[in-house]
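Residues per chain are reported as follows:
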Amino acid sequence: MTVVNWLKRNLVVIAGLLTLSYLLLPNVIVTIFSFNNPKGRFNYEWQEFSTAAWKDPCGVSDMCGSLSVSLQLAFWATIGATLLGTMIAFALVRYRFRARGAVNSLIFLPMAMPEVVMAASLLTLFLNLGAQLGFWTILIAHIMFCLSFVVTAVKARVMSMDPRLEQAAQDLYAGPVQTFIRVTLPIAAPGIAAGALLAFALSFDDFIITNFNAGSTVTFPMFVWGSAQRGTPVQINVIGTAMFVIAVLFVLASMVISNRRNKQKA
Amino acid sequence: MATVTEAPPLAPEQPKPPRKRGRWTPYWLLLPGILWLLIFFAMPMIYQASTSVQTGSLEEGYKVTWHFATYWDALSEYYPQFLRSVLYAGSATILCLLLGYPLAYLIAFRAGRWRNLIMILVIAPFFTSFLIRTLAWKTILADGGPVVGALNTLHVLDVTTWLGMTEGDRVLATPLAVVCGLTYNFLPFMVLPLYTSLERIDPRLHEAANDLYAKPTTVFRRVTFPLSMPGVVSGTLLTFIPAAGDYVNADLLGSTDTRMVGNVIQTQFLRILDYPTAAALSFILMAAILVMVTVYIRRSGTEDLV
């Protein structure tokens, strides 16, 4: 009877953990298969243990090139989207202006639009303008769809800011520029950082919009897509596993640091 | 990452602090970003609308001839793919809600000191490219593999075959595999907004309900679930919209019989180069989703959230 009761009480925990394992199962498979030594061109069946791919991660031609294209794109897209998005967020929270509703819907719509629609229509524009598809058209597209996410992230932070802090700075004879740099920006920083991180992740992993607007430029997701047709090298799994581990370590480290800071303050 | 999901449909407009500094400052701040969105988001939509009513060929060029028949032709030829998109995305959304709710509930109320760790585990897979993770499902659902074997022994496959979701002993290259991939790919977009709205619930409301002799199921039905509605609404939207336009899962995990409207738009645009048809299809998809979203938001009574 106690077993049944225990199950009843913890049903939601068990169901939740099952969902969590469903979410993590592919990552486990990706990691295991990064140590595989596949027979054919495809890395879908387990053959034997091997660390060959880990020793030679750039052993596949063009893969590391595509990775560097993706990193550069993500870097510039993050800078562009964070800059433009932060400016919009400040305007939305701090000022009154005409056409606020129109601005809000222009920012909301890209997030509510299926990616394939944005991708196809942007390609129509580029074709009509006769633009050369490549790095720059991808960058333009990435800044476009990352922008709205940065705005929402920064807006949330700036909105929860106490305006009296800035008034206090001004009362203490800080000029508008000084107030902005010494008071406003540091408080808004976590929101801006969150927006930038999000933009980086979105741009780095984007496939659909990039696929339409890339021309002959190959990003890392496009390399993976192509290899699903031609043959999947084990190195793809190595990169996937490494990125997962780096991300987890990065988050853990930032948590430890912020915990320590909080303790010092307390 | 949590901001993706809590932000879009849930950005409440608070009354603005009426502060007047430079009269033109807000416009200067808005100008570059808004111009970017106007040129690279709004204008393409207009170009696309115009392309959809053009006729011509790739060699001779296209002219606007208000050829609305393209829409009719596209719909009558590709309505199965449209229906499939709605069906697959709808099933994936329902599955995401059923699977995601317990996980969000666990993180919000039962995880204790494990909360941050579970949160990281939900978000971290994002950093392994989603294409690599989707390819992993090829291994998981492989013919004769342990998962398919287990489903067979449990007679789950008999049920799904009866529903027309699988064929024989296979899961890969069937609708079930596509729905499974879609559910997997968009599950975090359901879990995060659900968690955000569950976490906001005042625990004293639960205590009050318990004090008034409500059974746990009643507490959930009358208190927890209604209060989590904003999360349910934004979660379902964030799952359904990208799933309906997706072509990656249908391509990697499905077969030619599981093609969705995204696949058609992609092939028409990038391989067949029939731009008017592709533009018309994309326009219909956009309109259909906007209508569905509007009706859904109206009916669920959360208009003020958008």
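Residues numbered from 1 in each chain as written. Chains lettered and ligands numbered in written order. Predicted model: local features only at pLDDT ≥ 70, side-chain atom pairs only at ≥ 80, totals over all residues.

**Considerations on the overall build of chain B**
Condition: Strands are runs of DSSP state E lasting at least 2 residues, helices are runs of H or I lasting at least 4, and numbering of each runs from the N terminus. To assign burial, the other C-beta atoms lying within 10 Å of each residue's own C-beta are counted, with C-beta atoms placed from the backbone; 20 or more indicates buried, 12 or fewer indicates exposed, and intermediate counts indicate partly exposed. Working definition of a contact: two residues with C-beta atoms, positioned from the backbone, lying within 7 Å.
Secondary structure summary: chain B contains 14 helices and 2 strands in total. The principal-axis extents of the C-alpha atoms in chain B amount to approximately 75 × 70 × 35 Å. Expressed as a percentage of its 306 residues, the buried residues of chain B come to 46%. For chain B, restricting intrachain contacts to residue pairs at least 6 apart in sequence, the fraction spanning at least 24 positions comes to 71%.

**With respect to the nonpolar core**
The line we're drawing: In this usage, the nonpolar core is the set of buried Ala, Val, Leu, Ile, Met, Phe, Trp, Tyr and Cys residues whose C-beta atoms join them within 7 Å. Note that the domain bounds reflect an automated or database-derived domain assignment.
In this structure, I88(A), A120(A), C146(A), A104(B) and L281(B) are the most contacted members of the largest nonpolar core, which totals 154 residues. Counting residues per element, this core draws most heavily on helix α8 (residues 175-199) of chain B, at 16 residues. Counting only domains with at least three residues in this core, you end up with domain 1 (1-59 + 233-266) and domain 2 (61-232) of chain A. The contacts of A120(A), once residues within four sequence positions are left out, are F212(A), Q48(B), I265(B), F269(B), A278(B), A279(B) and S282(B).

**A short note on the packing of helix α10 (residues 220-230) of chain A against helix α5 (residues 130-140) of chain B**
To be explicit about the condition: With axes taken as lines fitted to C-alpha atoms, and helix axes fitted only over the stretch in contact, angles between N-to-C directions fall between 0 and 180 degrees. For classification purposes, angles smaller than 35 degrees are called roughly parallel, those larger than 145 roughly antiparallel, those between 65 and 115 roughly perpendicular, and all remaining angles oblique.
Between α10(A) and α5(B), the shortest axis-to-axis distance is 9 Å and the interhelical angle comes to 25°. Between α10(A) and α5(B), the crossing angle belongs to the class labelled roughly parallel. The segment α10(A) lies against α5(B), with P221(A), V224(A), W225(A) and A228(A) engaging L131(B), I132(B) and L135(B).

**Observations regarding the domain arrangement of chain A**
By convention, interface size is frequently given as the accessible area that disappears when the constituent parts associate. Residue and element names in this part refer to chain A. Segmentation of chain A into domains returns domain 1 (1-59 + 233-266) and domain 2 (61-232). The centre of domain 1, based on its C-alpha atoms, is set 28 Å off from the matching centre of domain 2. The interface of domain 1 with domain 2 comprises 8 residues on the first partner and 7 residues on the second.

**Re the environment of M292(B)**
Residues and elements named next belong to chain B. Mapping M292 onto the fold places it in helix α14 (residues 275-299). With 15 C-beta atoms counted inside 10 Å, the residue M292 sits in the partly exposed group. Along the chain, M292 and L237 lie 55 residues apart, while their C-alpha atoms are 9.8 Å from each other.

**A short note on the confidence of the model for chain B**
Residues and elements named next belong to chain B. Keep this limit in mind: pLDDT is defined as a per-residue confidence score from the predictor, taking values between 0 and 100.
Here chain B averages 87 in pLDDT, while 91% of its residues score no lower than 70. The secondary structure element of chain B with the lowest average pLDDT is helix α1 (residues 2-6), at 41, and the one with the highest is helix α12 (residues 248-253), at 95. In this model, residues 1-14 is a region of pLDDT below 50 whose contacts with residues beyond four sequence positions or in other chains number 40 contacts. What the predictor reports for the complex is a pTM of 0.88 with an ipTM of 0.89.

**Focus on the UniProt feature "transmembrane region" (unreviewed entry) in chain B**
Residues and elements named next belong to chain B. We apply this condition: UniProt positions are given in the numbering used here, feature names are shortened, and annotations may be inferred rather than shown by experiment.
Summarizing the sequence annotation, UniProt attributes the feature "transmembrane region" (unreviewed entry) to residues 27-47, 86-109, 116-136, 172-195 and 278-297 in the numbering used throughout. Helix makes up 100% of residues 86-109 and strand makes up 0%, while its end C-alpha atoms are separated by 33 Å. Within the segment residues 172-195, helix and strand shares are 88% and 0% respectively, and the terminal C-alpha atoms sit 32 Å apart.

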